[in-house]
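# Breakdown of the fold
Okay, here's what each chain looks like letter by letter:
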Number of protein chains: 2
Amino acid sequence: MRPADTIHWDDTTGSLLLIDQTRLPLSYRVIRCKSVERLITAIQRLEIRGAPALGIAGAYGVVLATMTVKEKEFHRYFRQVEALARTVADARPTAVNLSWAVTRVLTELRSADSIKEVRRVAVREAGKIADEDAEACHAIGDYGAALLPDTGTVLTHCNAGALACREWGTALGVIRSAVRDGKQISVIACETRPLLQGARLTAWELRRDDIPVTVIPDSAAAFLMRQGEIDCVIVGADRITADAVFNKIGTYMHAVCANAHGIPFYVAAPHSTFDHEHTQDQITIEERDRDEVAYYGRYATIPEGVPVRNPAFDATPLSLVSALITETGVIRPAAGTVAGKRRVI
Amino acid sequence: MRPADTIHWDDTTGSLLLIDQTRLPLSYRVIRCKSVERLITAIQRLEIRGAPALGIAGAYGVVLATMTVKEKEFHRYFRQVEALARTVADARPTAVNLSWAVTRVLTELRSADSIKEVRRVAVREAGKIADEDAEACHAIGDYGAALLPDTGTVLTHCNAGALACREWGTALGVIRSAVRDGKQISVIACETRPLLQGARLTAWELRRDDIPVTVIPDSAAAFLMRQGEIDCVIVGADRITADAVFNKIGTYMHAVCANAHGIPFYVAAPHSTFDHEHTQDQITIEERDRDEVAYYGRYATIPEGVPVRNPAFDATPLSLVSALITETGVIRPAAGTVAGKRRVI
């Protein structure tokens, strides 16, 4: 496994290798998935997470389905593969890339007329999705880098980095491209409660790449904006509908506060994250376990019996987004209404 | 010790009893302070915290100084008491109540002309501050209760409750008074990173009083506002200057988001929290230890070597405050600009 690859197909053993993101930064371990069931566990436990990486995981979920279904009769085999692959698509409801990739690989399989051919086409198409993801991240990085100041501080939330993609990253890909181009960028990483993907993952991968990064509690972002310490905000996305960006809980709060201060708010995501079929009201926001908020390791942080709300995502209306940075260029939903006019509150 | 009292002077042993707030909700322990040094440790470790409770702690800090200074010559004794008491006032820089109470008791001591009399006056004046705090909280509660809806959901941040005062609380005092008056109030308690005073303390004391409370990550507040689930926000304050409210980090973010949604944003605090001598630019915001953000118990949450910003407070301009609720009545700095006009983003 190349060290920078978050998710990697090992053809010699027919297994999918994943960096276990629940253990970073304390330990670096690689998980080997040989079954659809193990992959679903990895997705639901967030051992693998991040919209583009989930797309790749979904694609290889189909590959694992093609390899593990034992049926010999072709049509029954195909139906069983489809059914098993659909369970991967349903493992998490909000990120669109997962079902997008499963559907794309399944559609491609229709051209195959033998079990052997199905397996070959699945591996080829999943590999294509992984390669395209890496290319898309580099293209997003290049388009986005042009939007960043030559010297400045960028605030990001959660992890939309190499660990959320095959490599390079979307939001962090933009930062990597800007740094590669010689820009002096410092990053403020919001820790991202409850699961601390910003503190654990964004800090880990930026430090690995020697990009200056400072971690803050999520609630300190608006304070730094008011102090004039943030030049722009850049985040990834789990789903972009016709009217809103779904991303990690907290994204909306940053967008409202950035807007109030006249600070540009950017979203970096590949086209596979766009959902042109739905509007925000039609999307289910995953509510996750109480324990994610109420415990840290063995420590209870909330009195027994007190309920918790733990929405994993929120929706930010496009009217608060200065630019959507995609692999084919930049879309400006709120051009002129947000960016550039620093306001003092 | 009466169970509801956060801070209580035990005259028979000449010691100050404090509920250890670092251990809640896991365990309920009472700390006995017999020296100024132990009290300063308690203040700096946040075993006792909350602006009004810090005022009471400061007052009894002077009492402990009068009891522990061993000098027999009156004038030297008095100067040593003053010097020792000033170390309590400086234990934390942002909350004004601490130095306010120390100064108030020291000023009162000037009338005393013997060591015995100094000690007697100190105990009497500190007791008066504690009693006045309880009265102020009940008055704040009564004025504030009238602002709350008959049925509704109130969002609060950190702990401005019985645990932050002698009893009843400021922000939570308003909620307690409203519930006592028969209003149906549910509370959303923001967990309040990094030290989780909302999750640990607000949830604990509201559950004890059977007031419905749900804990959320701080970053989910704006999401709930957008969903129309929050009727108003109410918080306490550590210092109110001529132009801003200093309170727990995250307060400003809630104020910006409440304002953006047209949700009333209330601050409940006694007059001892007002600092008429300064404007916001003159106030030091305490930056606390990296480890508060980077560890939970033994668990490292941030990679080694990655720096952290950990401001304990932020400043919310009065233009975002719908009402300041004090023990003498309600002040409306932003009347007409914020409250009541629900906006959809």
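You'll find the structure just up there.
From N to C terminus, chain A includes 10 helices and 15 strands. Against the 2.2 N^0.38 benchmark of 20 Å for 345 residues, chain A shows a C-alpha radius of gyration of 20 Å, consistent with a compact globule. When its C-alpha atoms are laid out on the principal axes, chain A stretches across 70 × 50 × 40 Å. Going through the 345 residues of chain A one by one, you find that 63% of them count as buried. Contacts in chain A between residues far apart in sequence, at least 24 positions, make up 73% of those at least 6 positions apart. Accessible surface for chain A amounts to roughly 12,400 Å². Of this, 49% is attributable to carbon and sulfur atoms. Both charge centroids of chain A, one from 40 positive and one from 42 negative side chains, sit 3 Å from each other.

Here we take up the side chain of Glu 286 of chain B. Residue and element names in this part refer to chain B. The residue Glu 286 is located in the loop between strand E10 (265-268) and helix H10 (290-294) in this model. What makes Glu 286 buried here is its relative accessible area of 10%. For Glu 286, the side chain forms a polar contact with the side chain of Arg 288, separated by 3.0 Å. In contact with Glu 286, not counting residues within four places along its chain, are Arg 92, Pro 93, Thr 94, Asn 310, Pro 311, Ala 312 and Phe 313.

What follows covers the pairing of strand E14 (residues 323-326) of chain B. Working note: regular strand, side chains alternate between the two faces of the sheet. Residue and element names in this part refer to chain B. Going residue by residue along E14, you find Ala 323 and Ile 325 tucked away on one face and Leu 324 and Thr 326 tucked away on the opposite face as well. Pairing geometry for E10 and E14, over three bridges, is parallel. In the sheet register, Val 267 faces E14, and the bridge partner there is Leu 324. Strand direction decides the pairing type here: E14 and strand E15 (residues 329-331), joined by three bridges, are antiparallel. Paired with Thr 326 across the strands is Gly 329, a residue of E15. Hairpin remark: E14 followed by E15, antiparallel, with two residues in the connecting loop.

A few words on helix H4 (residues 96-109) of chain A. Residue and element names in this part refer to chain A. Taking 1.5 Å per residue as the helical rise, H4 with its 14 residues ought to reach 20 Å, and the 20 Å between its terminal C-alpha atoms agrees with that figure. By the burial criterion, the buried members of H4 are Val 96, Asn 97, Leu 98, Ala 101, Val 102, Arg 104, Val 105, Leu 106 and Leu 109. Next to the buried residues of H4 lie helix H1 (36-44), helix H2 (51-68), helix H3 (74-89), helix H5 (115-145) and strand E8 (239-240).

Turning our eyes to something else, we now look at the interface of chain B and chain A. On the side of chain A, 56 residues touch chain B, which itself brings 56 residues to the contact. When chain B packs against chain A, close to 4,800 Å² is buried across both sides, 68% of that on carbon and sulfur atoms. If you look at where chain B meets chain A, you find four salt bridges. With a shortest N-O distance of 2.8 Å, Arg 309 of chain A and Glu 229 of chain B are connected by a salt bridge. Inspection of the region where chain B meets chain A yields 19 residue pairs in polar contact (both at pLDDT 80 or more). Where the side of chain B that touches chain A is concerned, the elements lending two or more residues are helix H7 (197-208), strand E6 (213-216), helix H8 (221-226), helix H9 (251-261), strand E12 (299-300) and strand E13 (313-317) of chain B. In terms of residue count, H9 of chain B provides more of the side of chain B that touches chain A than any other element does, six residues in total. In the side of chain B that touches chain A, the residues fall into 37 nonpolar, eight polar and 11 charged.

What follows covers the packing of helix H3 (residues 74-89) of chain B against helix H4 (residues 96-109) of chain B. Residues and elements named next belong to chain B. Where H3 contacts H4, the two axes come as close as 9 Å, and the packing angle between them is 165°. Here H3 is positioned roughly antiparallel relative to H4, judged by the angle of their axes. Crossing of H3 over H4 shows right-handed handedness. Every residue of H4 that contacts H3 at Phe 78, Val 81, Glu 82, Ala 85, Arg 86, Val 88 and Ala 89 is listed here: Leu 98, Ser 99, Val 102, Thr 103, Leu 106 and Leu 109.

What counts and how
Residues numbered from 1 in each chain as written. Chains lettered and ligands numbered in written order. Predicted model: local features only at pLDDT ≥ 70, side-chain atom pairs only at ≥ 80, totals over all residues. Heavy atoms only, no water. Helix = DSSP H or I, 4+ residues; strand = E, 2+ residues; numbered from the N terminus. Rg over C-alpha atoms; globule rule 2.2 N^0.38 Å. Buried < 20%, exposed > 50% of the residue type's maximum accessible area, 1.4 Å probe, protein only. Contact = heavy atoms within 4.5 Å. Areas by Shrake-Rupley, 256 points an atom, 1.4 Å probe, with all protein chains shown as cover. Lys, Arg positive; Asp, Glu negative; His and termini not counted. Charge placed at Lys NZ, Arg CZ, Asp CG, Glu CD. Polar contact = N/O pair within 3.5 Å; in protein donor to acceptor, adjacent residues only side chain to side chain. Pairing = 2+ DSSP bridges. Expected span 1.5 Å × (residues − 1). Buried area = accessible area lost by both parts, 1.4 Å probe. Salt bridge = Lys/Arg side-chain N within 4 Å of Asp/Glu carboxyl O. Nonpolar A, V, L, I, M, F, W, Y, C, P; charged D, E, K, R; others polar. Axes fitted to C-alpha atoms, helices over the stretch in contact; angles between N-to-C directions. Parallel < 35°, antiparallel > 145°, perpendicular 65-115°, else oblique. Left-handed = near helix turned anticlockwise from the far one by under 90°.

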